[in-house]
2 protein chains.
Amino acid sequence: MQVLLGPGTEFDRIRAIAARLGDRASGLGDDCATIPDGPGFLMVSTDTSVEEVHFKRTWLEPEEIGWRAAMAAFSDLAAGAARPIGLLAALTSPDHGEDLVRIMDGVGDAVRGCGAVVMGGNLSRGPVLSLTSTVIGRAPRPMGRSGGMPGDGIWVTGSLGGARAALVAWNAGRIPSRSAREAFARPVARIEAGVWLATHRAHAQMDISDGLAGDLGHLAAGCGTGATVVLENLPIHTAVPGSAELAGQAPEVMAAEGGEDFELLVALPPTFGSPEADRFRAECGLPITRIGTLTTEPGVRLLLDGHPMTLRGHDHFG
Amino acid sequence: MQVLLGPGTEFDRIRAIAARLGDRASGLGDDCATIPDGPGFLMVSTDTSVEEVHFKRTWLEPEEIGWRAAMAAFSDLAAGAARPIGLLAALTSPDHGEDLVRIMDGVGDAVRGCGAVVMGGNLSRGPVLSLTSTVIGRAPRPMGRSGGMPGDGIWVTGSLGGARAALVAWNAGRIPSRSAREAFARPVARIEAGVWLATHRAHAQMDISDGLAGDLGHLAAGCGTGATVVLENLPIHTAVPGSAELAGQAPEVMAAEGGEDFELLVALPPTFGSPEADRFRAECGLPITRIGTLTTEPGVRLLLDGHPMTLRGHDHFG
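What this report covers is the structure whose coordinates are included nearby. These numbers were taken from a predicted model, which means no experiment stands behind them. (Residues numbered from 1 in each chain as written. Chains lettered and ligands numbered in written order. Predicted model: local features only at pLDDT ≥ 70, side-chain atom pairs only at ≥ 80, totals over all residues. Heavy atoms only, no water.)

## Focus: the state of the cysteines
Alright, step 1. Per the stated rule, a full pass over the model turns up zero disulfides over all chains.
Alright, step 2. Unpaired in this structure, Cys114 of chain A has its nearest cysteine sulfur neighbour in Cys32 of chain B, at a distance of 13 Å.
Alright, step 3. Exposure remark for Cys114 of chain A: the relative accessible area of 11% places this residue in the buried category.
Alright, step 4. Distance from the sulfur of Cys284 of chain A, which forms no disulfide, to the nearest cysteine sulfur (Cys114 of chain A) is 14 Å. (Disulfide = S-S within 2.5 Å. Buried < 20%, exposed > 50% of the residue type's maximum accessible area, 1.4 Å probe, protein only.)

## Side note on empty space enclosed by the protein
Alright, step 1. One pass over the full model with this rule turns up three cavities of 30 Å³ or more.
Alright, step 2. Space inside the largest cavity adds up to approximately 800 Å³.
Alright, step 3. Forming the boundary of the largest cavity are 45 residues, of which Ile14, Gly121, Asn122 and Leu123 of chain A together with Thr46 of chain B lie nearest the centre.
Alright, step 4. Elements supplying a minimum of two residues to the lining of the largest cavity: helix H1 (9-21), strand S3 (83-93) and strand S4 (117-125) of chain A together with strand S2 (41-50), helix H2 (62-79), strand S7 (204-207) and helix H7 (212-223) of chain B. (1 Å grid on protein atoms, 1.4 Å probe; cavity = no way out; pocket = protein on both sides within 12 Å on 5 of 7 lines; lining within 4 Å. Points joined across faces, edges and corners; volume = space filled by probe spheres on them. Helix = DSSP H or I, 4+ residues; strand = E, 2+ residues; numbered from the N terminus.)

## What to know about unusual backbone geometry
Working note: non-glycine residues mostly have negative phi, and peptide bonds are mostly trans.
Alright, step 1. Despite not being glycine, Arg201 of chain A has its phi angle at roughly 70°, a positive value.
Alright, step 2. Inspection of the secondary structure assignment puts Arg201 of chain A in the loop between helix H6 (191-198) and strand S7 (204-207).
Alright, step 3. Taking the relative accessible area as the measure of exposure, Arg201 of chain A reaches 42% and is therefore partly exposed.
Alright, step 4. A positive phi angle, close to 70°, is found at Glu52 of chain B, a residue other than glycine.
Alright, step 5. By secondary structure assignment, the location of Glu52 of chain B is in the loop between S2 and H2.

## Observations regarding the interface of chain B and chain A
Alright, step 1. Each side of the interface is counted separately: chain B has 67 residues, and chain A has 67 residues.
Alright, step 2. Inspection of the region where chain B meets chain A yields two salt bridges.
Alright, step 3. A salt bridge links Arg145 of chain B to Asp31 of chain A; its shortest N-O distance comes to 3.0 Å.
Alright, step 4. The dominant element in the side of chain B that touches chain A, judged by the number of residues it contributes, is S2 of chain B, at nine residues.
Alright, step 5. Judged from the four bridges that link them, strand S2 (residues 41-50) of chain A and strand S1 (residues 33-36) of chain B form a sheet pairing that is antiparallel. Its bridge partner being in S1 of chain B, Phe41 of chain A is matched across the sheet by Pro36 of chain B. (Contact = heavy atoms within 4.5 Å. Salt bridge = Lys/Arg side-chain N within 4 Å of Asp/Glu carboxyl O. Pairing = 2+ DSSP bridges.)

Written as structure tokens, this is what we have:
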């Protein structure tokens with residue numbers, strides 16, 4: 001798309017980004033993005049991805065940095081049961097090199113994959129590469145973290161621990177397996193799953209960004225309940241067993257502690273069972289697994305071999 | 001307000017921020033912010049404020065860092081003629097100290113001043129303090145940078161150069177005057193003015209964030225016109241003359257080059273004259289001044305003493 005801006009190095013870079021995005025962008029160049037009125041609720045979320053904190057540049061191609069940051073933000077819309085409309089990209093970088101265009105190319109692919117467009121953004125100088133993605137979607141029936149009741153089943157989509165398996169390999173100076181690297185570099189926001197679950201009696205849902213062990217505490221707090229999870233029931237990513245051995249950890253523990261899988265964590269009524277899970281799998285193209293139960297008794301209990309485990313949730317300042 | 005989150009240092013900090021914000025925040029703790037449907041258009045914009053790039057911590061109190069970053073974002077909504085609804089704050093910081101709460105206190109004051117609420121955000125570790133504010137508003141008649149026609153008057157609200165006067169003083173190792181410091185630390189988004197102008201036949205409008213000399217080029221590009229501005233006509237901030245002398249610059253040049261005044265730059269039909277400007281002043285509580293004309297001839301001409309001047313626009317990577 002063409003962007004009508006005056007002269008300047010910064011604006012040349014914005015023009016180059018807009019040219020690369022093509023029809024994956026819309027309405028760039030004004031002070032605001034404009035969204036026409038529509039039915040339901042607008043849902044908005046923001047997420048930041050910082051070099052050396054969320055990723056290292058040696059691990060990822062620039063396109064993957066952009067894809068991953070955008071998908072992490074879209075994952076919040078999936079949790080809210082919203083269909084994405086647009087994304088605003090606030091990019092901070094020490095320079096204005098070609099990498100910015102490649103990063104935004106990856107953002108553009110993620111945005112197209114989620115049925116949205118890049119609607120605007122901001123380009124700024126800063127000591128490290130950082131991308132704050134703000135995403136906007138629309139939900140006929142918005143979902144949140146409250147609404148789950150004692151007795152509800154706790155379910156997760158897809159599998160857990162893949163991104164963590166890649167991190168463990170990189171941190172040990174090894175090259176992650178192809179499937180682990182893919183889980184880290186190319187996560188997919190569970191948009192269709194989020195909408196499906198909202199229309200099939202989900203009581204509460206959120207995405208797993210900080211790791212199941214941490215995010216379970218948020219779900220229980222949101223619902224005003226406790227939670228019991230049996231770790232043997234976790235759907236474990238295929239890359240986990242090898243990496244868990246390297247880390248000297250049980251695979252279940254790695255899957256429960258690992259963050260940034262961007263799967264959905266859902267409270268479903270007790271009547272939701274195997275037939276419904278089979279239907280979910282057929283219609284959304286990924287599994288959903290029951291891992292535990294919301295409880296009247298407060299607190300989160302993670303059981304392995306029948307024993308309670310104390311696991312770490314991800315904490316940015318921990 | 002109360003935020004239902006699980007345990008952890010990061011979440012303790014979010015709880016402390018939410019407690020300080022009180023009723024200036026709403027709906028924190030979920031993955032998404034939710035906005036009910038309403039008439040008109042949703043307008044969204046994002047803006048980043050980075051330590052050592054946009055401000056130094058020795059210049060500003062934490063509350064002022066927050067206020068200024070939020071107002072810079074709201075200023076884009078003013079340009080779009082939108083009334084603010086909410087703000088999402090993505091905060092990056094090397095630590096999780098009390099300063100984050102004070103910064104968000106300033107954000108909260110700016111948000112309340114603009115009739116909005118803090119609807120969500122993100123907290124992340126990073127090498128320097130950085131705040132990306134995404135703002136959402138609603139406009140019955142959205143405004144943008146296109147629509148101005150040759151012959152339209154070019155007008156600016158308020159006065160120009162105050163923030164620049166403070167910067168010049170700080171960079172020369174001096175203490176800025178009280179009014180210069182106020183212009184830099186406590187800018188006010190021209191929300192009422194933006195709505196007023198949109199309902200009084202404005203053809204195009206934007207906010208002056210990069211300085212008039214640079215932003216005029218964007219307005220002309222957006223309108224597909226040229227622009228001629230007579231610098232003697234600029235409304236100059238009272239702090240400019242003293243600072244301009246220090247910088248060895250004409251006050252008009254400092255006012256034209258100075259960024260981050262967050263006044264509105266507007267293309268109004270030729271029939272908009274002094275009586276309309278008087279009405280604007282009476283109803284919006286600030287002056288509006290005609291400084292030039294959109295032209296058929298392309299390019300931007302800035303005249304001082306009848307001579308064309310070449311001035312610098314602000315460029316983050318220049």
